[in-house]
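# Remarks on the overall topology
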Amino acid sequence: MLRNRAEENQNGTRERELRLHLHLPTPQMTEMKPRQFEPISRCSCNKRSSQTVASDLDGTLLRSSNAFPYYMLVAIEAGSLLRGVLLLLTSPLAYFTYIFVSESLCIQILTFIAFAGLRLRDVEMVSRAVLPKFYSGDVHPETWRAFSSFGRRYIVTANPRVMVEPFVVNYLGADKVLGTELVVTKSGWVTGFVRRPGVLVGERKRDALLRQFGENLPDLGLGDRETDHDFMSLCKEAYMVPATKCEPVPSSKLLSPVVLHDGRLVQRPTPLVALLTFIWLPIGFFLSLLRIYLNLPLPRSAVRHMYRILGIKLIVKGSPPPPQRNGESGILFVCNHRTMLDPVITAVALGRKVSCVTYSISKISELLSPIKAIALSRDRARDAENIKRLLQEGDLVICPEGTTCREPFLLRFSALFAELTDRIVPVAINTKQSIFHGTTVRGWKMFDPYFFFMNPTPTYEITFLNQLPEELTCKGGKSAIEVANYIQRAIAGTLGFESTNLTRKDKYAMLAGTDGSAGPKKDKAQSSRE
């Protein structure tokens, strides 16, 4: 005990010497009477472009003061479902600790269970590919109004820095995050413990601000709770964000919308949502098996009726052209890409035999597919030959985006298909999923159809547009790129989506740190997932 006290005294002496050396105020110098902070609605945003703001995150820049959903997302997406269940079971203890013991200990418990034993690279990918979608749907409008008006923006948070940094930097324009740092081994594994000085709560937030700014303290401080008062008191101005109900900032009002994201969960996994999701999981899996395997042996004309019985909602709009006659080539149905089930559901909507080509399909998916599915090789000449051959055999479905997009955006269309036929029918596809996403980048793609059908009422809406007139095809003098861009705009207009120039390669670079190819250069683990 005496030894520990000696070490504490020595550390305290070092801190005081450091503060004096940097001409920073000591704790005794910064002690002051409790200040009464005005609400954020009183904050003026005029002439702030040259000033600095320091803001808390949970309950301040975000509407919700509860960070549990984001720890749950890390636990599930970077870890496993079992880790998520363990975190949920521990949540009552964490909340008890928060209320009756300390906020710092509560965060240490959540951090250890969610992060211990994970690879740092996996945590970073989840923070970049999964969390921004959920963070962006919870931005506080009043705080964002003030925060976005400043030229230099800093986040001071008790959450692990690695968890929040990608979102606040890329979507909120933060210059730096002062957050809790995790202990990571030399080989890149997260231990679950936090580095000194510990969780940034109360005085530790103040100290972090002093170390960062020295004497040039921020012009404005924003917080939402009493433990934020310490760092807010250092700022020239400070405002509190009251806990009131309000609508989140539309994602279009942030620095950039979230176009691409990954992860299986559709809703923010609050404790209640997480509990209901885990309860539904075995029920949904059994239901997905029925929905997939009961339909495989049925004739195409009966599948749509079985969909109604099994709770699958299929909405079909428009009138597709009749099947090919003898001597004619098949019709090329050009679809936007929502899930890997797009060609299958399109075939059900048509009620006739079709084939499809896809950029990535596992051997199991190919064997279980109720329609003929051919994988594209990314060799232009070989792919063109395969598409022509399939069109001679009958109708063909193709998704020229090359990969799926969950949000109301369309990725760039590859133009190869436009060079091969002038019998083109655009097809606009939209889906609705309430619990699980039926697509993944980092996960096991072979389970995508199961996750889609695990939703209580999975919904597909398919709209067949009019066949392209000859003058809008390559045969009518248009270039392949012009045809592809026209179809992209037509589908986007029908769905109310926005067209982009993003590609499959952009998506995989952003969400998985790869180029999205399925060639031999990929490592064994990634190849097995595809």
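First things first, this report covers the structure right here in the doc.

## Overview of the overall build of the protein
In terms of helices and strands, the protein carries 21 helices and 17 strands. Within the span of the protein, comprising 530 residues, buried residues form 52% of the whole. Relative to all contacts within the protein whose residues are 6 or more apart in sequence, the contacts with residues 24 or more apart total 75%. With the model as given, the accessible surface of the protein reaches about 25300 Å², and the carbon-plus-sulfur share is 55%.

## Remarks on the pattern of salt bridges
Taken as a whole, this structure holds 25 salt bridges when the rule is applied. Its salt-bridge partner being Asp56, residue Lys205 comes within 3.0 Å of it at the nearest N-O pair. Pair noted here: Lys205 is in helix H11 (residues 203-213) and Asp56 is in the loop between strand S2 (52-55) and helix H3 (57-61), with a separation of 149 residues, a long-range link. Here Lys205 falls in the buried class, since its relative accessible area comes to 4%.

## Remarks on the sheet that holds strand S9 (residues 313-317)
By definition, the strands of a sheet pair up through backbone hydrogen bonds, in either a parallel or an antiparallel sense. Across the sheet, which stays open at both edges, the seven strands sit in the order S9-S16-S15-S10-S13-S11-S12 with mixed pairing between neighbours. Each edge of the sheet is formed by a strand with only one pairing partner; in this case those strands are S9 and strand S12 (372-375). Strand-to-strand twist of the sheet, defined as the mean angle between neighbouring strand axes without regard to direction, takes the value 25°. In terms of strand pairing, strand S10 (residues 332-335) meets strand S15 (residues 424-432) through four bridges, oriented parallel. Bridge assignment links Leu332 to a residue of S15, and that residue is Ile424.

What counts, and where the lines are drawn
- Residues numbered from 1 in each chain as written.
- Predicted model: local features only at pLDDT ≥ 70, side-chain atom pairs only at ≥ 80, totals over all residues.
- Heavy atoms only, no water.
- Helix = DSSP H or I, 4+ residues; strand = E, 2+ residues; numbered from the N terminus.
- Buried < 20%, exposed > 50% of the residue type's maximum accessible area, 1.4 Å probe, protein only.
- Contact = heavy atoms within 4.5 Å.
- Areas by Shrake-Rupley, 256 points an atom, 1.4 Å probe, with all protein chains shown as cover.
- Salt bridge = Lys/Arg side-chain N within 4 Å of Asp/Glu carboxyl O.
- Pairing = 2+ DSSP bridges.
- Axes fitted to C-alpha atoms, helices over the stretch in contact; angles between N-to-C directions.

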